[in-house]
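# Observations on the model geometry
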Amino acid sequence: MLEVDVIGSALPRERVEEAVGYAAASAGISEGHVAVSFVTPERIAELNETWRGKEGPTDVLSFPIDEDDEDPLGERELGDVFICPEHTVDLMEAVVHGVLHLTGMDHETDEGEMLALQAEIMGWLR
């Protein structure tokens, strides 16, 4: 079972869980834990500076934890997704985008696969 913690109320919990579920399933992941936090521009700017060395707020940041799907100590911890609603055009798309990063995908290094999959998933969620 996929466990999803939602911190903040920018989207209904059920919608966040649905988006996380589709994104994780697209990578063959059906079990584990994901936290999605909706944060202020100040908080995401702080995270962006600390972890990426980039100044200012951004829309979404992902922090993967487990690199593989088998954690000998218990449930897989996929990681955390931080979303700044004030800097995001589509909150559902930001959830999908963030979770796809947690699954190991990276649009900055692939040949368009991640963004194509993201668009396909968004079609399912509409």
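The preceding data block contains the structure.
Summary of the structure given here. Because the structure is predicted, anything quoted here is derived from the model rather than measured. (Residues numbered from 1 in each chain as written. Predicted model: local features only at pLDDT ≥ 70, side-chain atom pairs only at ≥ 80, totals over all residues. Heavy atoms only, no water.)

### Side note on the pattern of salt bridges
The following threshold applies: For this analysis, a salt bridge means a side-chain nitrogen from Lys or Arg found within 4 Å of a carboxyl oxygen belonging to Asp or Glu. Helical segments are the DSSP runs of H or I of at least four residues, strand segments are the runs of E of at least two, and each set is numbered from the N terminus.
Counting across every chain of the model gives four salt bridges. The partner of R15 in a salt bridge is E18, with the nearest N and O atoms 2.7 Å apart. One end of the pair is R15 and the other is E18, both in helix α1 (residues 13-25) and three residues apart, which spans about a single turn. Put simply, D90 and R126 hold a salt bridge, and the shortest N to O gap is 3.1 Å. Residue D90 is found in the loop between β4 (77-83) and α3 (91-102), and its partner R126 is found in the segment after α4 (113-125); the two are separated by 36 residues along the sequence.

### Considering the sheet that holds strand β3 (residues 60-64)
The test is simple: A pair of strands counts as paired when DSSP detects no fewer than two bridges linking them. Under this scheme, a helix contributes an axis fitted over its contacting stretch, all axes are lines through C-alpha atoms, and angles between N-to-C directions fall in the 0 to 180 degree range.
Reading across from one edge, β1-β2-β4-β3 is the order of the four strands in this open sheet, with mixed pairing throughout. Looking along the sheet, the strands with just one partner apiece sit at the ends: β1 (2-7) and β3. Sheet twist, expressed as the mean angle between neighbouring strand axes with direction ignored, is 15 degrees. Note: strand β2 (residues 32-38) against β4, six bridges, orientation parallel. Directly across from S37, in β4, lies its bridge partner F82.

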